[in-house]
Amino acid sequence: AQSVTQPDIHITVSEGASLELRCNYSYGATPYLFWYVQSPGQGLQLLLKYFSGDTLVQGIKGFEAEFKRSQSSFNLRKPSVHWSDAAEYFCAVGAANFGNEKLTFGTGTRLTIIP
Amino acid sequence: KAGVTQTPRYLIKTRGQQVTLSCSPISGHRSVSWYQQTPGQGLQFLFEYFSETQRNKGNFPGRFSGRQFSNSRSEMNVSTLELGDSALYLCASSFEGDYGYTFGSGTRLTVV
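Residues numbered from 1 in each chain as written. Chains lettered and ligands numbered in written order. Predicted model: local features only at pLDDT ≥ 70, side-chain atom pairs only at ≥ 80, totals over all residues. Heavy atoms only, no water.

**A look at the interface of chain A and chain B**
Consideration 1: At the interface, 19 residues of chain A touch 18 residues of chain B.
Consideration 2: Here chain A meets chain B over a buried area of about 1,700 Å², counting both sides, of which 54% is carbon and sulfur.
Consideration 3: Of all residues in chain A, the largest losses of buried area upon contact with chain B belong to Leu44(A), Glu101(A) and Lys102(A), amounting jointly to 31% of the total for that side.
Consideration 4: Summed over the shared surface of chain A and chain B, the number is 0 salt bridges.
Consideration 5: Here chain A is connected to chain B by 3 residue pairs in polar contact (both at pLDDT 80 or more).
Consideration 6: Top element by residues in the side of chain A that touches chain B is strand 5 (residues 32-38) of chain A. It accounts for 4 residues.
Consideration 7: Taken together, the residues of the side of chain A that touches chain B sort by class into 10 nonpolar, 7 polar and 2 charged. (Contact = heavy atoms within 4.5 Å. Buried area = accessible area lost by both parts, 1.4 Å probe. Salt bridge = Lys/Arg side-chain N within 4 Å of Asp/Glu carboxyl O. Polar contact = N/O pair within 3.5 Å; in protein donor to acceptor, adjacent residues only side chain to side chain. Helix = DSSP H or I, 4+ residues; strand = E, 2+ residues; numbered from the N terminus. Nonpolar A, V, L, I, M, F, W, Y, C, P; charged D, E, K, R; others polar.)

**Some thoughts on unusual backbone geometry**
Consideration 1: Here the bond from Thr7(B) into Pro8(B) is cis, since omega is -10°, no more than 30 degrees from zero.
Consideration 2: Turning to its location among the elements, Pro8(B) is positioned in the loop between strand 1 (5-7) and strand 2 (10-13).

**Considerations on the state of the cysteines**
Residues and elements named next belong to chain A.
Consideration 1: Per the stated rule, a full pass over the model turns up 2 disulfides over all chains.
Consideration 2: Bridging Cys23 to Cys91, the disulfide has an S-S length of 2.0 Å. Residues Cys23 and Cys91 are joined through a disulfide that is left-handed, its torsion about the S-S bond being -65°. Taken together, the residues Cys23 in the loop between strand 3 (19-21) and strand 4 (24-26) and Cys91 in strand 10 (residues 87-94) connect sequence positions 68 residues apart. (Disulfide = S-S within 2.5 Å.)

**Observations concerning the environment of Phe105(A)**
Consideration 1: Counting through the fold element by element, Phe105(A) comes out in strand 11 (residues 103-105).
Consideration 2: The exposure class of Phe105(A) is buried, given its relative accessible area of 8%.
Consideration 3: Those residues in contact with Phe105(A) that sit more than four places away from it in its chain are Val4(A), Tyr36(A), Leu44(A), Phe90(A), Cys91(A), Ala92(A), Tyr35(B), Leu43(B) and Phe103(B). (Buried < 20%, exposed > 50% of the residue type's maximum accessible area, 1.4 Å probe, protein only.)

**Thoughts on the packing of aromatic side chains**
Consideration 1: Counted according to the given criterion, the structure contains 16 aromatic pairs over all chains.
Consideration 2: With a centroid separation of 6.3 Å and an interplanar angle of 90°, the aromatic rings of Phe90(A) and Phe105(A) are classed as edge-to-face. Separated by 15 residues along the polypeptide, Phe90(A) in strand 10 and Phe105(A) in strand 11 bring together distant segments of the chain.
Consideration 3: Centroid distance Phe105(A) to Tyr35(B): 5.6 Å. Interplanar angle 85°. Geometry classified as edge-to-face. A residue pair is termed interchain when its members come from two chains, as with Phe105(A) in strand 11 and Tyr35(B) in strand 4 (residues 31-38). (Phe/Tyr/Trp six-rings, centres within 6.5 Å; stacked < 30°, edge-to-face > 60°.)

What follows is the structure, given as structure tokens:
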């Protein structure tokens, strides 16, 4: 069975500082990997996804993530955070076969930005 | 283009009642998935419909059911509500179940 671990429940960073959110996955084959962001009272917005190819993936809002198969990780990074980045971030894994596109989510990391 | 629309946004029900939630996907999208989000269990997959057929189902009791209509709109139903069913229910649509999901803002269900 597939699973996702986000070890950090809550992270606080200063505005303008760099950010890295950790994500480790467990899956028997090559996974499809995703990062979503959720603002309070809202649904999920896709930041970026990895299916195959280049292991460094660029997303929206200046985010990027790197797939490391040897470490079963897919960490999210941003070089300089903005106050508007405060939200909850979810890493997710999906099966790489058509007709079985359900996502398994991690428990999320809440990001707080201080001025 | 219009996003995924979920109605109602908020709902309060009493234990033992049943509830129906609605999801209108993005025009042209044929796959609709439902997720439950709670503080304790996080985001959990309920089921996915594709061209009016349930294609995948999560690990939820039979009280949770859904359907999809020919225009791809979907409804989910929860019967005999329990306090633990209080959650944010999210709907997501994609063109062909290709993980190109767009999520709606959700329906917040409170069971009292």
